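An overview of the molecular structure
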Amino acid sequence: MNQAGRPGTDGLLDSATGSVATPARPHILVIEDTADIRYFLAALLESRYEVLVADSGEAGLEMARANMRPELILLDVMMPVMDGYEVMAQLRRDPRTADIPVIFLTALSSVEEEQRGLDLGATDYITKPISPPILLARVRLHLERSSNAKRLKGLSEQLSRYLAPQVYRSLFDGSRQAKIQTQRKRLTVFFSDIRNFTASTAQWQPEEVTFLLNSYFEEMSLIAAEYGGTLDKFIGDAIVIFFGDPHTLGPRQDAVQCVRMAVAMQKRMDELHVRWKAMGINKRFEIRIGINSGFCDVGNFGSNLRMEYTIIGREVNLAARLEQAAEPGEILISSETHALVQGEIQVDARGPVLAKGFAEPIAVYAVHQTSAAALADAGVIQCDRPGIHLQIDMGRLTGKERADAATELRRALESLEAPAVAQAPAAAPPVPEAAMPALGATSAADVVLPEGVAGLDIALGLPRAMSMKPFYVSMLRRYLEGRHDAPVRIREALDAGDLKTAELLSHSLRAISAQIGATRVPADAGALEQALGNDLPRGAIDSLLGALEISLGELISALGAVLPPATAASGGTGPETPAGIQ
C-alpha cells in the first residue's frame, strides 16, 4: 500500500535514479473515511495493484487529479463534509478524471440510492459488508473493460487520421453509415496548390521536401478545422476542402467561412516562411487558391470493400480551374461564391477566365487581402487567427456604438482570462495508515482462533478476510482497540448537537462490525443510524444507544479475553490510533 509521505513503489519517483518511473501495475485509489475499511481494502488489493488511500472526499479528489492518475477508484458513499455523491459529481465534471471508472462502496442498499450513484456516472456498486471474491472480481472486470476501452480509443484515434474530423464524428455518433450513398447539396469548394512545386523541389533533398510539405499540410489542416471545413484529400501538394457537409451553417455562412479560411491560410504562409528561415531553411512555398459554390454530389463513392467520402460535379471542377488561374498568393472566387459573401468579404473584380471544360468565360473576383498596417492606418482594428475573428472599423462607429463595443470586449476579456478548468491544488498527503501486517510472515498454523466468541460469527467473518487467519485476527484486534469507545464518541456528538457526526459514527461502526462477522452490533448500530437519520426524539435515540453499548461492550470483552498477543497476531505491527471520525 502506497501513500503520500511514505516511501513506496507508486511510480512517482525512482530513488535510485531520481527520475520519474512508469507504474508497472494498475493504480487503485481508495476513498474511504473508515480506517478499518481502508486497512481491509488495501490488504486485499496490494498484492495485485498499487493502492493509494484517502480518508476524505477532498483528499481523494486531489489525489485523483495528481500526476499519478488512478485506473480505478473505490469510493465510499457516506463520508463527512463531502459525501461520495459530491465526489462523484466533481470527478465527472473534471476532464482530467471524467473517464476514470468508479465503484461505489456502501452499506446503503435502497434502489433509489443505487440509481442516484449510477446516474452520476458510477461504474458499479459493492455493498458492505464487502465480499472479497466479489470485490476482486469486479475490480478485475472493470480494469479490463477500462483497458479495452483505452485500446479501442487509441485505435479509433489512429483511424480518425485517415478521415475528416466531421466524418469521423458522424460515424461514431451514428448519424452516418459506412455504405454507398450520396446526396446532392449546395457546397462551397476550396482548392489550393503550391506554384511550380515539382520543378521548385526537384533539386531539394527528399528529407527537406518531406519536412516542409508536412509542416505546410499540418498548418493548413489546423486552420481548416478551426473554420469548420471538411478536409477532403491531399493530392500531391494540392488540398481539397469543402463546406456544407456533413455539417452546415447555411450556404451563405459556409461560403464566408471558406473565404476567411483561405485568407488565414495565405497569412499563415508568411509565418511559416519566417519560422523556416529561423531554422536555416531558405525555401518558400507560394500557394494559390480557388473557391466556388454550387450544387455537388457528396457522400460515399466506391465499393463495399473500399469507399471514399468525397465530392464530385461541375462545381468541383470549376473550383480547381480557378485555383489554376490564380496568381501566387491570390484567392480567386466565382460569381456564385461572391453573391454569397457580399457585405462580408471585400473583393476586386478580375477579367473573365477561360477554363478548360467550360464553354463560356467564367466571371471571377480576387479576395481583397488588406495588410494589417493599411487597416491600422485606416482606423480598423483586425485580428483573424484560429479561435478569434475580430474587425472593428472605428470610423463607422458612433459614440454610443463605441461604448457598447467596449462593454462587449470587456466581457470577452473576462471570459478569456477566466481559467477553463481550475488547476488542481497540490495533493495533500493523506492521513498516514498503520502499517499493514506482514500476512506471509505469520503462518496460518501459528494463529489459533477460538472456537467461539460471544457476539461474533467467526464462520461468517473469516471468509470476509479471504480465510487468512493472521489478517482476520489483525482486523479483530484493530476493532478491539479502535471501537471500544464508539458509544462514548456518539454520545459526545449528540450532546454537542452534531447529529450528522453521530450518524456517521454509527454508520462506520455498523460497516466494520458487519465486515468482521459481528452478530448483534451491526443491527443495533444500524437501528441507531436510522433513528438519527430520521431525527427521532432524544429519548428514543438514547434507548437505542444504550442497546448498542451493551452489545458492543459484550463483544469487546469477549475479544479481549480470547485474542492472542498483538505481536503474534499482527506480525509485530501495532494498531492505528483512531483520529477523527473513523
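Residues numbered from 1 in each chain as written. Predicted model: local features only at pLDDT ≥ 70, side-chain atom pairs only at ≥ 80, totals over all residues. Heavy atoms only, no water.

Bringing unusual backbone geometry into the picture now. Glycine aside, negative phi is the norm for most residues, and most peptide bonds take the trans geometry. A cis amide bond links Lys 128 with the next residue in sequence, Pro 129, at an omega value of 0 degrees. Following the sequence through the fold, Pro 129 ends up in the loop between β5 (124-127) and α5 (132-160). The linkage connecting Asp 245 with the following residue, Pro 246, adopts the cis geometry, with an omega of 0 degrees. In this fold, Pro 246 is placed in the loop between β8 (238-243) and α9 (251-278). Located in the positive-phi region is Val 81, a residue other than glycine, with phi close to 70 degrees. Within the secondary structure, Val 81 sits in the loop between β3 (72-76) and α3 (84-93). (Helix = DSSP H or I, 4+ residues; strand = E, 2+ residues; numbered from the N terminus.)

Interhelical geometry of helix α16 (residues 486-495) versus helix α17 (residues 499-516) gives an angle of 160 degrees and a closest axis separation of 7 Å. With respect to α17, the axis of α16 lies roughly antiparallel. For α16 against α17, the interelement crossing comes out left-handed. Between α16 and α17, the residues in contact are Ala 486, Arg 489, Ile 490, Ala 493 and Leu 494 and Leu 499, Thr 501, Ala 502, Leu 505, Ser 506 and Leu 509, respectively. Tallied by class, residues from the contact of α16 with α17 come to eight nonpolar, two polar and one charged. (Axes fitted to C-alpha atoms, helices over the stretch in contact; angles between N-to-C directions. Parallel < 35°, antiparallel > 145°, perpendicular 65-115°, else oblique. Left-handed = near helix turned anticlockwise from the far one by under 90°. Contact = heavy atoms within 4.5 Å. Nonpolar A, V, L, I, M, F, W, Y, C, P; charged D, E, K, R; others polar.)

As a further point, take the packing of aromatic side chains. Tallying each qualifying case throughout the model produces 11 aromatic pairs. Seen from their ring centres, Trp 204 and Phe 285 are 5.9 Å apart, and the 15 degrees between their planes marks the pair as stacked. Here the residue Trp 204 occupies a position in the loop between α7 (197-200) and α8 (206-227), and Phe 285 occupies one in the loop between α9 and β9 (287-302), the gap between them amounting to 81 residues. Judged by relative accessible area, Trp 204 falls into the buried class, the value being 15%. For Phe 285, a relative accessible area of 2% corresponds to the buried category. An aromatic cluster of at least three residues, connected via ring pairs, comprises Phe 197, Trp 204, Tyr 216, Phe 217, Phe 234, Trp 276 and Phe 285. Seen from the ring of Trp 204, Lys 283 lies directly overhead, with NZ or CZ sitting 5.5 Å from the centre. The ring of Tyr 39 carries Arg 478 above its face, with NZ or CZ at 3.9 Å from the centroid. (Phe/Tyr/Trp six-rings, centres within 6.5 Å; stacked < 30°, edge-to-face > 60°. Buried < 20%, exposed > 50% of the residue type's maximum accessible area, 1.4 Å probe, protein only. Lys NZ or Arg CZ within 6 Å of the ring centre and 35° of its normal.)

Bringing helix α15 (residues 469-483) into the picture now. Along an α-helix, a turn takes 3.6 residues, which lines up residues three or four apart on a common side. With 15 residues, α15 extends 20 Å from end C-alpha to end C-alpha; this agrees with the ideal 21 Å at 1.5 Å per step. Counting buried residues in α15 gives 13 out of 15 residues, a clear majority hidden from the surface. (Expected span 1.5 Å × (residues − 1).)

The next thing to look at is the nonpolar core. It is characteristic of soluble globular proteins that their nonpolar side chains tend to be buried jointly. In terms of nonpolar packing, the biggest core is built from 60 residues, with Leu 45, Leu 74, Val 139, Leu 456, Tyr 472, Tyr 479 and Leu 559 touching the most fellow members. When near neighbours in sequence (up to four residues on either side) are disregarded, Tyr 479 contacts Asp 36, His 484, Leu 509, Ile 512, Ser 513, Ile 516, Val 521, Leu 552, Leu 555, Ile 556 and Leu 559. Residues Phe 197, Ala 255, Ile 281 and Ile 331 belong to the second largest nonpolar core, which totals 39 residues. (Core = buried A, V, L, I, M, F, W, Y, C linked by side-chain atoms within 4.5 Å.)

Before going further, it helps to spend a moment on the pairing of strand β7 (residues 230-235). Looking along a regular strand, one sees side chains alternate from face to face of the sheet. In this structure, β7 lies alongside β8, joined through five bridges in antiparallel fashion. Its bridge partner being in β8, Ile 235 is matched across the sheet by Ala 238. Adjacent in sequence and paired antiparallel, β7 and β8 are bridged by two residues, among which Gly 236 carries a positive phi angle near 65 degrees. (Pairing = 2+ DSSP bridges.)

Read from one edge to the other, the open sheet built from five strands follows the order β2-β1-β3-β4-β5, with strand pairing classed as parallel. Of all strands in the sheet, those bounded by a partner on one side alone are β2 (50-54) and β5. The sheet shows a mean angle of 20 degrees between the axes of neighbouring strands, taken without regard to direction. Pairing analysis gives four bridges linking strand β4 (residues 102-106) to β5, with the strands arranged parallel. If you follow Phe 104 over to β5, its bridge partner there is Tyr 125.

On average, the protein scores 82 in pLDDT, and the residues at 70 or more come to 80%. Across residues 420-445, where pLDDT falls below 50, the model places 57 contacts with residues more than four positions away in sequence or in other chains. In this model, residues 568-582 is a region of pLDDT below 50 whose contacts with residues beyond four sequence positions or in other chains number 42 contacts. (pLDDT = per-residue confidence, 0-100.)

The next thing to look at is the pattern of salt bridges. As a working rule, side chains carrying opposite charge can pair if their charged atoms are close by. Overall, the coordinates contain 32 salt bridges when judged by the stated rule. Here Asp 76 and Lys 128 are joined by a salt bridge, their closest N and O atoms 3.0 Å apart. Here Lys 128 lies in the loop between β5 and α5 and Asp 76 lies in strand β3, a separation of 52 residues in the sequence. On the basis of relative accessible area, Lys 128 is assigned to the buried category, the value being 10%. With a shortest N-O distance of 3.6 Å, Arg 184 and Asp 297 are connected by a salt bridge. Of this pair, Arg 184 sits in strand β6 (residues 181-194) while Asp 297 is found in strand β9, placing the two residues 113 residues apart along the sequence. Under the relative-accessibility criterion, Arg 184 is labelled exposed at 55%. Through salt bridges with shared partners, a single ionic network connects Glu 219, Arg 268, Glu 271 and Arg 275. (Salt bridge = Lys/Arg side-chain N within 4 Å of Asp/Glu carboxyl O.)

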